[in-house]
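# Coordinates in review
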Amino acid sequence: MGFKEEILRRRTFGIVSHPDAGKTTLTEKLLLFGGAIHIAGAVKSNKIKKTATSDFMEIERQRGISVATSVMGFEYNGVKINILDTPGHQDFAEDTFRTLTACDSVIIVIDSAKGVESQTRKLMQVCRMRKTPVMVFINKLDRPAQDPFDLLDEIEKELEIKVNPLSWPIGSGDMFRGVYNIYKESLFLFQSGGQELPEGIEIKNLNSPELTEFINSKEADSLREQLELIRGVYPALNRREYLDATVAPVFFGSALNNFGIKELLDCFIDIAPSPLPRETEERTVMPDEDKFTGFVFKIHANMDPNHRDRIAFVKVCSGIFKRNVNYLHVRSGKMQKFSTPTAFMASKKSIIDEAYPGDIVGLHDTGTFKIGDTLTEGEKLHFKGIPSFSPELFKYIENADPMKSKQLAKGIDQLMDEGVAQLFINQFNGRKIIGTVGALQFEVIEYRLLHEYGAACRWEAINLYKACWIDTTDSKELEDFKKHKSQYMAKDKHGRDVFLADSPYILQMAQENYKHLIFHFTSEF
Ligand code: G4P
């Protein structure tokens, strides 16, 4: 197969959801279709368990296990599918945001009884920012669900994207009869009992009397009526609009019962994008360029202090990545080659000789890489679109052992490179502030500093609301602002100015008083 065909047959995507909507279950069913796993439960055992919320060591241990499933590659109908796993745990949301930067598209799972939930909204914001094409899977139709039309309205409103249903449920809960596949114009009837790979019964013509052999005439009439309504409201899917991220195709089903999944998957491989061009600060990189380029979107550290190695996950953006070939690590300017790059096929990690655009390669890292680093064959490129997001929680970090200040500084630096949390240096007093998404990360940092770097830290409370990156065309106003707010000005890891707002009110006032400044909750805008 030629280079271009290899690119065109790749689909690299992430599945995201609010915890418990069914992301893990859906992932598992997709893997079953691809023959990548053979038993249900294989992915589940890697899931961060809900009961472990207060036990971060247990969570880290489980995260360690999940390295193997960080990327799940498999073949389905001649298509090479790479699913990028995202941690379901809310405290690791930043990990999820970063993983989304390596996805060419996204499937959002929504619980049909709960509708759009808080985490879904946040994740969608990231997709919107990057104009990532999204598909929606409305799950758990085998349970009492909200009205499907209401769900569609809610998605449009809450996720700020037009929807286009490509399958339609017949009833829900005990009355769930199946889904009509609008995309392929066929009917699949639900057989409860949770078979792994249901065949379904296909009925091409909805007006055929055969329909009432399987669902009663009331259900059949209601289905015909609803579909007519749908045809009136939603035009046929325009793939371009999906790829432009202005329309989200929607599917209904039950992941647990493996129902409605095949419809989703078949449509997905048909219309989801193959690796897309990527912007760098210098130019646009096309996937079919001859020369290899890629960027690091995730770093996973080994928690075992005896093996303090890390895996850097690199998304191949163009060319072919090859084992034992020298590549430029753009930030350091050094050439580096990798003798044991790994790829993740099925549930196995194995050493590979080459990887194509869209693929994810795991590189053994001894502390060279930072999130966002670029690798090339020599060109000095810097990939865009790997932003930092404002943390939710902030604390001053202090040295608790004066003999170990060097170790502490090194430990903080390396943990920040890994993306465990974000460091801000207050420009007024020079103190270090750590910002995180969840409370758990403070515990993780304290533990890891002590056990991996022999450094003891102490936390001091600080009342902050958000970190805001500032954009302006009026540099004089910015200087004026910085002078007035000097106590709240900080630098992020790249030396960019950040305003640490201590309340929404303060932020609002700042915005009113400084009309030409734009405050962003992300570092790229
Ligand atoms: P997540 O990764 O999004 O957090 O969700 P996950 O797949 O773990 O699913 C959350 C719970 O919802 C699980 O139950 C799972 O079995 C259930 N679930 C997923 N899809 C469906 C569905 O289509 N129908 C129904 N009825 N339930 C579904 P649990 O009790 O939390 O876990 P478990 O003990 O079953 O493993």
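Residues numbered from 1 in each chain as written. Predicted model: local features only at pLDDT ≥ 70, side-chain atom pairs only at ≥ 80, totals over all residues. Heavy atoms only, no water.

### Looking at helix H8 (residues 217-233)
Applicable threshold: The secondary structure listing takes helices from DSSP runs of H or I that are at least 4 residues long and strands from runs of E that are at least 2 residues long, numbered from the N terminus. Between the first and last residue of a helix there are one fewer steps than residues, each counted as 1.5 Å, and that sum is the expected span. Three labels apply to residues, based on accessible area from a 1.4 Å probe with only protein chains included: buried if under 20% of the type maximum, exposed if over 50%, partly exposed otherwise in between. Directions pointing from the helix axis toward each C-beta atom define the arc. Any two residues having at least one pair of non-hydrogen atoms within 4.5 Å are treated as being in contact.
The terminal C-alpha atoms of H8, which comprises 17 residues, lie 24 Å apart, in line with the 24 Å expected from a rise of 1.5 Å per residue. All of the buried residues along H8 are Glu 219, Ala 220, Leu 223, Leu 227 and Ile 230. All buried residues of H8 fall inside an arc of 100° around its axis, so they share one side. Away from its buried face by more than 90 degrees, H8 exposes Lys 218, Glu 225, Glu 228, Gly 232 and Val 233. The secondary structure elements touched by the buried residues of H8 are helix H6 (148-158), strand E6 (162-165), strand E7 (167-170), strand E8 (178-181), strand E9 (186-189) and helix H7 (211-214).

### A short note on the packing of aromatic side chains
What characterises a pair of aromatic rings is the spacing of the ring centres plus the angle enclosed by the ring planes. Rule in force here: Under the pairing criterion, centres of Phe, Tyr and Trp rings, with the six-membered ring standing for Trp, must be within 6.5 Å; the plane angle then separates stacked pairs below 30 degrees from edge-to-face pairs above 60, leaving the rest tilted. Note on geometry: a ring has a charge over it if NZ (lysine) or CZ (arginine) is within 6 Å of the ring centre and within 35 degrees of the ring normal.
Counted according to the given criterion, the structure contains 24 aromatic pairs. One aromatic cluster is present, built from ring pairs that chain together Phe 292, Phe 321, Tyr 327, Phe 338 and Phe 369. Over the aromatic face of Phe 313 sits the side chain of Lys 298, whose NZ or CZ is 5.5 Å from the ring centroid. One residue, Lys 395, lies across the ring of Phe 442, its end atom 4.6 Å from the ring centre.

### Digging into helix H10 (residues 261-271)
Taking burial as the measure, the eleven residues of H10 include nine buried ones, the bulk of the element. Buried residues of H10: Ile 261, Glu 263, Leu 264, Leu 265, Asp 266, Cys 267, Phe 268, Ile 269 and Ile 271, and no others.

### Notes on the sheet that holds strand E28 (residues 489-491)
To keep it simple, the criterion reads: The pairing criterion is simple: DSSP has to find at least two bridges between the two strands. Angles here are taken between N-to-C directions and fall from 0 to 180 degrees, while the axes themselves are lines fitted to C-alpha atoms, restricted in helices to the stretch in contact.
Taking strand neighbours across the sheet as the criterion, the eight strands line up as E26-E23-E25-E24-E28-E29-E27-E30 in an open arrangement whose pairing is antiparallel. Strands at the two margins of the open sheet, each flanked by one partner only, are strand E26 (457-461) and strand E30 (517-520). On average, adjacent strands in this sheet sit at an angle of 40° to one another, irrespective of strand direction.

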